[in-house]
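# Close look at the chain arrangement
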Amino acid sequence: MTGFFITGTDTGVGKTHFTACLTRSLRQNSIPAIPLKPISSGDRSDSILLSDATGGVISPAEINPIHFSAPLAPYAASIVESKPFPWGILRERIVKLTQSYPGPFLIEGVGGWRVPIDSTLGIREWAQELALPVVLVARNTVGTLNHTLLSVDSIRQANLPIRGLILNEHFSRTDDPSATTNPALLQELTSLPILSLPSGMSQLPSLPPWLIPG
């Protein structure tokens, strides 16, 4: 399987929005990207958005095979709903999808990098199992330096390659000077490429080589 594992510094940082933008950009460049959000909690609007980004090539149900009704981390939701996390179903569905579509696959995590999936495994361990390069999405606001650096450290400690950082400008405010200083500082401190994602974009303003799977 080729592609990326897309994670975030927190929940609600814009992972799905970025994944949809990247999907559209890759497909417009004749790269048949397939976005997946295999695990979700709460509503399932993200899977509909990702399906729309492919022009309906893949259905929301295929994109999101594992769903919890409670808007909680998967481990918390599984406790509330009294059902163990279905690892077997998750792995079986991903294998089936890789047999049905050529990819590349853009696999979006749920919540942030260290969200627990069950009592022993979390997003980090699942990403290690998939063994895909990681793209990290963060808000471009004050506090992002700390959250992003902690996440980068943990991803590197997991021995996974990081392709780059996405700074979501949707959360930026004109009275927040960190929105101006964050990109250069993060590039200096992590030695990773940075892409700023302007608010309201439906596809990437450009498609840098490091965001082309392969």
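Structure's up top.
Owing to the predicted nature of the structure, the values given are computational and were not obtained by experimental measurement. (Residues numbered from 1 in each chain as written. Predicted model: local features only at pLDDT ≥ 70, side-chain atom pairs only at ≥ 80, totals over all residues. Heavy atoms only, no water.)

### Focus: the packing of helix 7 (residues 144–157) against helix 8 (residues 178–190)
Defined as follows: In this description, a line fitted to the C-alpha atoms serves as the axis of each element, helices being fitted only across the stretch in contact, and the angle between N-to-C directions of two axes falls anywhere from 0 to 180 degrees. Strands here are runs of E lasting at least two residues and helices are runs of H or I lasting at least four, both read from the DSSP assignment and numbered beginning at the N terminus. Each angle receives one of four descriptions, namely roughly parallel if under 35 degrees, roughly antiparallel if over 145, roughly perpendicular if within 65 to 115, and oblique otherwise. Crossing handedness follows the turn of the near helix against the far one: under a right angle anticlockwise gives a left-handed crossing, and clockwise gives a right-handed one. We call two residues in contact when some of their heavy atoms are within 4.5 Å. Classification convention: Asp, Glu, Lys, Arg as charged; Ala, Val, Leu, Ile, Met, Phe, Trp, Tyr, Cys, Pro as nonpolar; all other residues, Gly among them, as polar.
Put simply, helix 7 and helix 8 touch, their axes get as near as 11 Å, and they point 30° apart. Taken together, the axes of helix 7 and helix 8 are roughly parallel relative to one another. As for the relative orientation of helix 7 and helix 8, their crossing is right-handed in sense. On helix 8, the residues touching T144, L145, T148, L149, V152 and R156 of helix 7 are N182, L185, L186, L189 and T190. When grouped by side-chain class, the residues that make up the contact of helix 7 with helix 8 number 6 nonpolar, 4 polar and 1 charged.

### Quick word on the packing of aromatic side chains
We count it as follows: Pairs were defined over the aromatic rings of Phe, Tyr and Trp, the Trp ring being its six-membered one, requiring ring centres within 6.5 Å. Orientation was assigned from the angle between planes: stacked under 30 degrees, edge-to-face over 60, tilted for the rest. Exposed residues in this analysis have more than 50% of their type's maximum accessible area, buried residues have under 20%, and partly exposed residues fall in between, with area computed by a 1.4 Å probe over protein chains only.
Scanning all chains against the criterion turns up 4 aromatic pairs. Each ring, one from F5 and one from W113, has its centre 6.5 Å from the other, and the planes form 75°; the classification is edge-to-face. Residue F5 is found in strand 1 (residues 3–8), and its partner W113 is found in the loop between strand 5 (105–108) and helix 6 (123–130); the two are separated by 108 residues along the sequence. Take F5 and W113: they sit in the same class, and that class is buried. Taken together, the ring pairs in this structure connect F5, W113 and W126 into an aromatic cluster.

### Thoughts on the environment of P183
If you trace the backbone, P183 turns up in helix 8. For the pair P183 and H147, spaced 36 residues apart in sequence, the C-alpha separation works out to 14 Å. Setting aside its immediate chain neighbours within four residues, P183 contacts N140, L167, I194 and S196.

### Some details on the side chain of S40
Where we set the bar: Under this definition, polar contacts are N or O atom pairs within 3.5 Å; protein pairs additionally need one hydrogen-donor-capable and one acceptor-capable atom, and for neighbouring residues in sequence, both atoms have to be side-chain atoms.
Counting through the fold element by element, S40 comes out in strand 3 (residues 39–41). Overall, the relative accessible area of 6% leaves S40 in the buried class. For S40, the side chain forms a polar contact with the side chain of N64, separated by 2.8 Å. Apart from the residues lying within four places of it in its own chain, the contact partners of S40 are N64, I66, H67 and F68.

### Observations regarding the sheet that holds strand 6 (residues 134–139)
Selection criterion: Paired strands, as defined in this entry, are two strands with at least two bridges between them according to DSSP.
Read from one edge to the other, the open sheet built from 6 strands follows the order 2-5-1-6-7-8, with strand pairing classed as parallel. Edge positions in the sheet fall to strand 2 (34–36) and strand 8 (194–197), since each has one partner strand and no second. Direction aside, the axes of adjacent strands within the sheet are offset by 25° on average. In the sheet, strand 1 pairs with strand 5 via 4 bridges, with the strands oriented parallel. Paired with F5 across the strands is I107, a residue of strand 5.

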